[in-house]
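Examining the three-dimensional arrangement
One letter stands for each residue in the lines below.
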Amino acid sequence: MPDRRVISVVAALVLVAVAAIAVVVLLAHKSPQAEAPPSQTSKVRTASGAAAAAVGKAAGSGPATFSGPDGVEARWVIQENDKPGTTAWEIHGAHGGISGFASQVYAQQGQKVTLYVSTTGPSFRAEAFRMGYYHGQGARLIWTSGQQSGKDQPACPVTGGTNMVACDNWSPSLTFTVTQAFVQGDYLIKLTGPGHRQSYVPLAIWDPASTATYVIKNDVFTWQAWNYYGGYDYYQGLGSCPADVYPVCNRARVVSYDRPYAAENGSGNFLGLEYPLVQWAEQHGLNVSYATDLTVQEHPGYLLRHKVLLSLGHDECWSLGERQAAVAAYNQGVNIVFFAASPVLRHVRTQASPLGPDRELVDYRDSAADPLDGHGNPLQVTGNEWANPPSSWPEYDFVGDTYAGFLEPGLHVGFRVADASAWVFDGTGLHNGEVIPGLIASDVDKFDLGYGQPADDQIFGHSPIPADLGQTSIGAFYSDMTYYTNASTGAGVLDTGTNNWIPALDDHSGCHHGGVCEATMVQLITGNIMKLFGQGPAARIQPSVPNWRQVTGQ
């Protein structure tokens, strides 16, 4: 079966040399199910991207955005990723001796950002890399600081009662201006000192005037919720607790952005759970804009100017303001993709720190312990989950799925196709009951009628999980990929049902042994999602077809 991506690109190549067209056509006759090593697959995608970039440059007077094989494309994204990239952003192996954080979670052109850096070395420099595709290099260097004097900052105090670790006692290290060179996107600021001292500081650059098709939302609330820097996060802490009591007693009740991230060399959970989707979207020239949880909370009208909200990462922590903004967008026909499991599960709120507004994140995970309980808006009180009183606002009918539990770290099971005739599987060649190996891992969601799932839920994937591979508390263990549409608003909502969807975009580990290649299938399915959702309210084109009774027997 011809590759639909390359066919669409070839159709647009009226201004490209005949020789280039011939190369792409030749590549187009590769079956999407054929097993290609990563290098061969990459060649096909790169040729397609290069051809699209050539078209974009040649048609300078053409539209800024246009329909592509994997969604709505933007000329600026194509041209940006045609610029020279570099692999200098990468950090290989375990590094230490330097860490830092920024005064802003997200920023825009014209703003100033201050970095707070602690290092055991005598000096350091900072480099800002815009993360994307860039001919497979992965990033483009945007800015480099001069050499800065290093300082070993003091230990970060822990606030008694809440176990909040905050480095507000650090002194500023350098300040830079977000110039016009900082194109909107996800950035990693790499801190480098002598003796191989290296780490990252993440920063999102947004465009307040954006009307792009897709909003890529960094999951910074959950990054911080799981940030163990200084010994405490919402799920663990220092000191002993009674056995078999959950949540653990030594957890933090408040966490602070005024500290580095402990995970992934300081990138939070960006590199592992979000960057593969960012890279894929930019590689395919998609018309994207960039935001964070905090952006959506502080600018609730932002989503209304876009067509699709992309929830990345392990997006379980949502504030009231963020949730209200997303619901308002959904009510106006904005489509939503939850690329990972357990979205909108945990309830957080922000408050000011000594360094600025909304730089502390509150989640007592116990309504009775929250000082706001009985003294404020009940929708701001942080119980263990959104469903707990007094907020009592479950996410089930919004997400379309229910949090079902998790597989133990490192364990995977296959994704089982439940409705192969559905639009989401176009071009994959998959059949009902066929399995995409290794796709399900970490947290999972499932359809459960008892939790009040939408009545028009369509289940695309229904994947059984052996009970001994993980933990669940709601009966039979499954991971379900669900889709529902709202006939009134037109919005479509899709939940992949697993935390491993985005990492699987770039996982070619099983692509050399015959059978179905996980990465190839996930890329094709992701392209189908982007293409449909990018056209506007999904119900007008592909209303969901309820099949949950047949698939689950409920």
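Sequence order sets the numbering: in each chain, residues are counted from 1 along the sequence as written. A pLDDT threshold of at least 70 governs which residues receive local features in this predicted model, and a stricter bar of 80 or more applies before side-chain atom pairs are shown or counted, although totals over entire chains, interfaces and linings include all residues. The side-chain numbers reported here are obtained from all heavy atoms of the structure, hydrogens and water having been left aside.

Looking at the overall build of the protein chain
The following threshold applies: Each helix corresponds to a stretch of at least 4 residues labelled H or I by DSSP, and each strand to a stretch of at least 2 residues labelled E; elements are numbered beginning at the N terminus. Exposure categories follow from relative accessible area, calculated using a 1.4 Å probe and restricted to protein chains: below 20% of the type maximum is buried, above 50% is exposed, and the middle band is partly exposed. What makes two residues a contact is simply this: any of their non-hydrogen atoms within 4.5 Å. Using a 1.4 Å probe, accessible areas were evaluated by the Shrake-Rupley method; residue-level cover was limited to the displayed protein chains.
A count of helices and strands for the protein chain gives 13 helices and 29 strands. Relative to its full complement of 554 residues, the protein chain shows a buried share of 58%. Expressed as a percentage of contacts within the protein chain between residues at least 6 apart in sequence, the contacts between residues at least 24 apart total 73%. Carbon and sulfur atoms make up 55% of the accessible area of the protein chain, which totals about 20000 Å².

Focus on the state of the cysteines
Definition in use: Whenever a pair of cysteine sulfur atoms sits within 2.5 Å, that pair is classed as a disulfide.
Tallying each qualifying case throughout the model produces 3 disulfides. Covalently, Cys 156 is tied to Cys 167 through a disulfide, its sulfur atoms 2.0 Å apart. In this structure, the disulfide formed by Cys 156 and Cys 167 twists by about 95° around the S-S bond and is classed as right-handed. Linking Cys 156 in the loop between strand S8 (148–149) and strand S9 (158–159) with Cys 167 in the loop between strand S10 (164–165) and strand S11 (174–177), this pair joins segments that are 11 residues apart in sequence. Take Cys 156 and Cys 167: they sit in the same class, and that class is buried. Note that Cys 241 is cross-linked by a disulfide to Cys 249, the S-S spacing being 2.0 Å. Across the S-S bond linking Cys 241 and Cys 249, the dihedral sits near -105°, which makes this disulfide left-handed. Among the residues examined, Cys 249 registers a relative accessible area of 36% and is labelled partly exposed.

Observations regarding the confidence of the model for the protein chain
Put simply, the test is: The pLDDT value expresses, per residue, how confident the predictor is, ranging between 0 and 100.
Model confidence for the protein chain is summarised by a mean pLDDT of 90, while 88% of its residues fall at 70 or above. Between residues 1–59, whose pLDDT stays under 50, and residues either more than four places distant or in other chains, the model counts 80 contacts.

A few points about the side chain of His 284
Counted only if it meets this: Under this definition, polar contacts are N or O atom pairs within 3.5 Å; protein pairs additionally need one hydrogen-donor-capable and one acceptor-capable atom, and for neighbouring residues in sequence, both atoms have to be side-chain atoms.
Within the secondary structure, His 284 sits in the loop between helix H7 (275–283) and strand S16 (288–292). Here His 284 falls in the buried class, since its relative accessible area comes to 12%. A distance of 2.8 Å separates the side chain of His 284 from the backbone oxygen of Trp 280, its partner in a polar contact.

Looking at the pattern of salt bridges
Pairing of side chains with opposite charge becomes possible as their charged atoms draw close. As a reminder of what qualifies: Here a salt bridge means any side-chain nitrogen of Lys or Arg lying within 4 Å of a carboxyl oxygen belonging to Asp or Glu.
Inspection of every chain in the model, using the stated rule, returns 10 salt bridges. Ionic pairing is found between Glu 80 and Lys 83, a salt bridge with its closest N-O pair at 3.3 Å. Across the salt bridge formed by Lys 446 and Asp 448, the nearest N and O atoms sit 3.8 Å from each other. You can call Lys 446 buried: its relative accessible area is 6%. When salt bridges that share partners are traced, they join Lys 217, Asp 293, Asp 315 and Glu 322 into one network.

With respect to the nonpolar core
In plain terms, the rule: Buried residues of nine kinds, namely Ala, Val, Leu, Ile, Met, Phe, Trp, Tyr and Cys, make up a nonpolar core once their side-chain atoms join them within 4.5 Å.
Within the largest apolar cluster, 109 residues are counted, with the highest numbers of intra-cluster contacts made by Leu 277, Leu 310, Val 424, Leu 494 and Phe 533. In this structure Leu 277 touches Ile 216, Leu 310, Leu 312, Phe 339, Ile 502, Leu 505, Thr 526 and Met 530, once residues within four positions along its chain are discounted. One finds Ala 102, Phe 176, Phe 182 and Leu 191 within the second-largest nonpolar core, a separate group that totals 22 residues.

Considering the sheet that holds S16
Applied cut-off: Note: two strands are recorded as paired if DSSP finds a minimum of 2 bridges between them. Fitted lines through C-alpha atoms serve as axes, helices being fitted only where they are in contact, and the angles separating the N-to-C directions of these axes extend from 0 to 180 degrees.
Strand order in this open sheet of 7 strands is S16-S14-S17-S19-S29-S28-S26, and the pairing throughout is mixed. Lying at the two open borders of the sheet, with one neighbouring strand each, are S16 and strand S26 (458–464). Ignoring strand direction, the axes of neighbouring strands in this sheet form an average angle of 15°. As paired elements, strand S17 (residues 308–311) and strand S19 (residues 335–338) share 4 bridges and run parallel to each other.

A closer look at the environment of Gly 285
In this structure, Gly 285 sits in the loop between H7 and S16. Take Gly 285: its relative accessible area is 0%, and that puts it in the buried class. Residues Gly 285 and Asn 81 lie 204 residues apart in sequence; the distance between their C-alpha atoms is 8.0 Å.

Let's talk about helix H12 (residues 518–533)
What counts here: Expected span of a helix: the number of residues minus one, times 1.5 Å.
With 16 residues, H12 should cover 22 Å at 1.5 Å per step; its first-to-last C-alpha distance of 22 Å lies within 8% of that length. Most of H12 sits out of view: 15 of its 16 residues are buried.

Topic: the sheet that holds strand S3 (residues 98–102)
Across the sheet, which stays open at both edges, the 3 strands sit in the order S3-S5-S11 with antiparallel pairing between neighbours. Because the sheet does not close on itself, it has two edges, and the strands there are S3 and S11. If you compare each strand with its neighbour and ignore which way they point, the axes differ by 25° on average. Judged from the 5 bridges that link them, S3 and strand S5 (residues 112–119) form a sheet pairing that is antiparallel. Each residue of the ladder has a partner; that of Ile 98, found in S5, is Thr 119.

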